[in-house]
Each structure stands twice: as C-alpha cells, then as structure tokens.
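# Overview (structure and organization)
Here is what each chain is made of, one letter per residue.
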Amino acid sequence: MKLHNKIMLGLLLGAALGITAHMTAPQAEWLAWFNTNVANPVGQVFLRMLLMVVVPLVFASISLGVAGLGDLRNLGRVGAKTLAYFMMSTLVAAVLGLFLVQVFQPGGGMDPLVRQQLLDAYKTQAQGLQAGGTTRFGIDMLVNMVPRNPISAAANMEMLAVIFFAIVFGAAMTLVPAEKSKPVTNFLEGLNEIVIKIIDFAMKLAPYGVFGLIFYTTSRFGWDLLRQLGMYVALVLVGLSIHGVISLSVFVKVLGGLNPVVFWKKARPVIITAFSTSSSNATLPTNISVGEKDLGLPPKIAGFVLPLGATMNMNGTALYEGVTILFLAQVFGIDLDIGQQAIVVFLSVLMAIGAAGVPGGSLPLMMVVLATVGVPPEAIAIILGVDRILDMSRTTLNVTGDLTAAVYVARSEKLWSPKSVPVGEKS
Ligand code: ASP
C-alpha cells in the first residue's frame, strides 16, 4: 500500500474508533490507559519528529533561498510579492468570515444558562491562556522579530526571530567573496538534504502517529457541546471550506495558472499532516517536501515562501478569529458597528501574522482583541471545548494557503510553470 493511503487509513481508523470509544465508554479505565500509554505517546513521537527538524530546516532553507535569489533587489521583489499575497489572501479570508457571521448570526439565540455553564466549565483553561500571552502583540511583535540571541530564539521556537536571522544571514552571504561563502552554502545544502531525509523517516511513522493523534483527540473531544455550539462550529467549517474550495482554488488558477484539482490532489499529505497535528510548524517539513518534490517548485522559492508562510500567513486562523469574535459579541448581546467590525478584520489579519504555528497558537491573542472590542476576554471559555476540531481545520487552510503563495510567487518570477509539476506522487 502507498504511504499516503496508509496515512489516510490511520486518520479514518483513528477517527472512527475514537468517536466510537467516546460514544460507548467515555469514562472507561481502558480508554484512559490506552490514551495515556499508546495513542498519545505514538502521536507525540510523530509530532516531535517533525518539530525537531523545524529550526534547522527553516534556517537552512531560508538562508539558502535568500542567497539563491542572488541580488538583494531580487530578494526585495520576491519578499514584497510574498507579503502582498499573504496580506491579500488573509484579508479575503477574514472578510468572508465576518460576512458569514453577520448573515447567519450564530450567537443570537444562545441560552444564558448554557452560556454560564460553559463559562464556568472552561474558566481555568481560559485564565491559563490569558496568563500565557499578551507580549507577542502590537509593537512588541516587531521588536521581538529581531533576536537578541539567535540560539535562544531557536531554543524557544520564536520562529519570526529565527526567520529574521536567516534572511539577514542569507543576504549577507551574497555580499562576501564567493570563496568565503561557498563552504557555507555547501554545508547548508547538505544540511537541507539531511533534514529532508529525517522528514522521510518521520513520514514512515505518520500512519501510526496520525492514528494516535486523531484517536486521542476524538475520544476526548466535547462532542456533546456540538449541540449547543453547532451553528458556530458549522459556520467556521463552512467558511473554511468556501475559502479553500473557492478562494484558494481561484488564486491557484488565476495567479498560479495551475489546475486546482491537481493542486489539491498533490496537497493531500499536507492536508492530512496539518489536520492531525493542528500545527503549521509541524506541517512545514511536509509542506516543503510536497512543494519541491510533488509540485516541482524551485527550492529557493519554496524554501523562502513556505517557512515564512508557516509563521505569517494564516488564512484559516484569520477567518476563524473574525467569526469567533463576532460570535462571542453576539452571545453577550454586544453590537459592533461597522467601524468596530473593520477593526475586527484588521486585528484578525494582524493576529494571523502574530499567532504561533502551534495548536491553539491564536487563542491568547484573541483574548486581547476581545477586550479591545468590549467583549470580556474570559468569554473565550465558551468555545474552548470545541476548539480542537476548528484548530485542525483552520491549520489545514493555513498551510495549504502557504502552498498557493509559493505557486504564485514561483510562477510570477518565471522560475516555474504548471508544466514543471511532476507526474505521480512522491511524498
Ligand atoms: N494551530 C494554528 C496553526 O498552527 C494556529 C491557530 O490558529 O491556533 O496554524
């Protein structure tokens, strides 16, 4: 059986068995035992195998990508195109979310009793989130992008800071004499290949890892909450689907010249990895591998755009943030005028840039925005019980959005055309 079919099987089996276990024996001792000793450990090992290569991969691929662009003017142009595409697609996603939530008003009819129950049930978790993160927002975000110490930034997985260092490093490589930069280039190229090999190892584990992650999540998920929050959850999922099936497909077709069916077929390993890990960072290795091997994108573009996208370009997160903030405002009967809604869109885009590419990475920032528009930040407790399923889905859009950006940039730089897409599946 082909690897991607095995991974798919792991996903389906994990979901089916997890949901069954939750429905038949949610409190069973064997289930807790199985989750603690089998499902979660296997999932975590897979996740960690992917995460462990993220820092060397980002550093090597970005600095090589930047150095490969040669001239700093090229870097400026590619960088500007990349950021412009990120902004455009994130904005489209946020506006779509806002539009849907205004039309369907999912928060209007929530029973105040249910509201209170949810607030009480998830209060502690919400407080934990709030304590976790306000510093990554606003002007701090810009300052913190420049690391005081690149090793400590890497150790703390501060990806924007690592990226900044890698970009400066790559740019400087082009400015020193070739005989000085050549050994470094060779080293980084070797490092890159070795890291890609490690990703292959990790992907061999993927069928079991994906099974473990999905089983663990579905067997412990708050399915019962879906009845109360069904309309909200459905709206986020519908919004994400519209953005994927329509917006991203249109961008791929119009800006990348690529048939969306081919694109989505090739993107399958990325979709499954993102869906099961809920982490853009953990999906980055797979994304680079699919971008280069399956879509045939040039490494200097894939290696530059995809790591940047994993940290800065989160279409799914922007859409989800907009919907959630307005939903919670509706639950609390707070009317936001058109100006405040524009602020929500603007802040959703900003949050999507600032959010860390880890499970639930956008939640701490969202509490700040809730407070900004006059909704109590603890209100986030209301949606925490169903967040995982939304996280899995928005992360999928986040990373496939990065891949569409790479397709667009590579084509507009005339370094790639849809004809460069290899036949068959490599990842
Ligand atoms: N989990 C998301 C990601 O890694 C971030 C978030 O929206 O929480 O892309």
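A brief structural summary. All values derive from a computational prediction rather than experimental measurement.

## Here we look at the pattern of salt bridges
Counting across every chain of the model gives seven salt bridges. Between R73 and D71 there is a salt bridge, and its shortest N-O distance comes to 2.9 Å. Classification of R73 as exposed rests on a relative accessible area of 65%. Residue classification places D71 among the partly exposed positions, given a relative accessible area of 35%. The salt bridge partner of E413 is K81, with a shortest N-O separation of 2.6 Å.

## Section: unusual backbone geometry
The phi torsion at Q105 lies on the positive side, around 45°, for a residue other than glycine. As for its placement among the helices and strands, Q105 is situated in the loop between α4 (72–104) and α5 (112–121). The partly exposed category is assigned to Q105, whose relative accessible area is 39%. Despite not being glycine, S278 has its phi angle at roughly 55°, a positive value.

## Notes on the site of the ligand
Taken together, 16 residues form the shell around the ligand, and within it S280, T317, S362, D391 and R394 come nearest. For the ligand, an oxygen atom lies 2.8 Å from a polar atom in the side chain of S362. For the ligand, an oxygen atom lies 2.7 Å from a polar atom in the side chain of R394. Compared with its free state, where it exposes 270 Å², the ligand has 100% of that area covered by protein. Broken down by class, the residue content of the shell around the ligand amounts to four nonpolar, ten polar and two charged.

## Considerations on the nonpolar core
With 134 residues, the main nonpolar core has L229, Y232, F327, M366, I380, I382 and I383 as its most contacted residues. Tallying contributions element by element places helix α20 (residues 387–412) first for this core, with eleven residues. Filtering out sequence-adjacent residues up to four positions away, F327 remains in contact with V101, P106, G107, M110, L229, Y232, I382 and I383. Within the second largest apolar cluster, seven residues are counted, among which are A21, A28, L31 and A39.

## Quick word on the environment of F165
Here F165 is to be found in helix α9 (residues 159–173). Each C-alpha atom of the pair F165 and E425 lies 34 Å from the other, and the pair is 260 residues apart in sequence. If we ignore the near neighbours within four places in the chain, the residues touching F165 are F59, P147 and P150.

## Topic: helix α17 (residues 338–354)
In this model, α17 (17 residues) spans 24 Å end to end at C-alpha, consistent with the 24 Å of a helix rising 1.5 Å per residue. Listed in full, the buried residues belonging to α17 are Q341, V344, V345, L347, S348, V349, M351, A352, I353 and G354. The elements touched by buried residues of α17 are α4, α7 (139–144), α15 (299–312), α16 (315–331) and α18 (363–372). The backbone nitrogen of G339 lies 3.1 Å from a side-chain oxygen of the residue at the head of α17, namely D337.

## Focus: the side chain of D391
In this structure, D391 sits in helix α20. Classification of D391 by relative accessible area gives buried; the value is 5%. Within the local environment of D391, its side chain forms a polar contact with the backbone nitrogen of G360, the two atoms lying 2.6 Å apart.

## Points about a nonpolar patch on the surface
On the surface, M1, L9, L13 and L17 cluster together into a nonpolar patch covering about 410 Å² of accessible area. With respect to the helices and strands, the residue L17 is situated in helix α1 (residues 3–24).

## Here we look at the packing of helix α13 (residues 268–277) against α20
Two elements in contact, α13 and α20, have axes whose closest approach is 7 Å; the angle formed by their N-to-C orientations is 145°. Taken as a pair, α13 and α20 cross one another with a handedness that is right-handed. Counted together, V270, I271, A274, F275, S276 and T277 of α13 and R388, M392, S393, T395, T396, V399, T400 and L403 of α20 form the full contact between these two elements. In terms of residue class, the contact of α13 with α20 is built from seven nonpolar, six polar and one charged.

## Quick look at the environment of D71
For D71, the location among the structural elements is in the loop between α3 (54–68) and α4. Considered as a pair, D71 and L175 are 104 residues apart in the sequence and their alpha carbons are 9.0 Å apart.

## Considering the packing of aromatic side chains
Within this structure, the stated rule accounts for nine aromatic pairs. Look at Y85 and Y408: their rings are 5.4 Å apart centre to centre, the planes differ by 25°, and that puts the pair in the stacked class. Of this pair, Y85 sits in helix α4 while Y408 sits in helix α20; the two residues are 323 residues apart in sequence, bridging distant segments of the chain. Classification of Y408 as buried rests on a relative accessible area of 19%. Lying across the ring of F332, R115 places its NZ or CZ 4.5 Å from the centre. One Lys or Arg, R394, reaches over the ring of Y320 and ends 3.8 Å from the middle of that ring.

## Topic: the packing of helix α14 (residues 280–294) against α15
Two elements in contact, α14 and α15, have axes separated by 10 Å at closest approach and are oriented at 160°. Judged by the inter-axis angle, α14 sits roughly antiparallel to α15. Note that α14 runs across α15; the crossing there is right-handed. Across the interface between the two elements, S280, N281, L284, N287, I288 and E292 of α14 pack against P299, A302, G303, L306, P307 and A310 of α15.

## Structural notes on α13
Most of α13 is tucked away, with seven of its ten residues classed as buried. Looking at α13, one finds that the buried residues are P269, V270, I272, T273, A274, S276 and T277. Buried residues along α13 sit in contact with α1, α2 (29–52), α10 (178–220), α12 (260–266), α14 and α20. S278 occupies a position one or two residues after α13 and carries a positive phi of about 55°.

So, how was this worked out
- Residues numbered from 1 in each chain as written.
- Predicted model: local features only at pLDDT ≥ 70, side-chain atom pairs only at ≥ 80, totals over all residues.
- Heavy atoms only, no water.
- Salt bridge = Lys/Arg side-chain N within 4 Å of Asp/Glu carboxyl O.
- Buried < 20%, exposed > 50% of the residue type's maximum accessible area, 1.4 Å probe, protein only.
- Helix = DSSP H or I, 4+ residues; strand = E, 2+ residues; numbered from the N terminus.
- Near = heavy atom within 4 Å.
- Polar contact = N/O pair within 3.5 Å; in protein donor to acceptor, adjacent residues only side chain to side chain.
- Areas by Shrake-Rupley, 256 points an atom, 1.4 Å probe, with all protein chains shown as cover.
- Nonpolar A, V, L, I, M, F, W, Y, C, P; charged D, E, K, R; others polar.
- Core = buried A, V, L, I, M, F, W, Y, C linked by side-chain atoms within 4.5 Å.
- Contact = heavy atoms within 4.5 Å.
- Expected span 1.5 Å × (residues − 1).
- Patch = residues over 30% accessible without salt bridge, like charges linked within 9 Å, V, L, I, M, F, W, Y side chains within 5 Å.
- Axes fitted to C-alpha atoms, helices over the stretch in contact; angles between N-to-C directions.
- Left-handed = near helix turned anticlockwise from the far one by under 90°.
- Phe/Tyr/Trp six-rings, centres within 6.5 Å; stacked < 30°, edge-to-face > 60°.
- Lys NZ or Arg CZ within 6 Å of the ring centre and 35° of its normal.
- Parallel < 35°, antiparallel > 145°, perpendicular 65-115°, else oblique.

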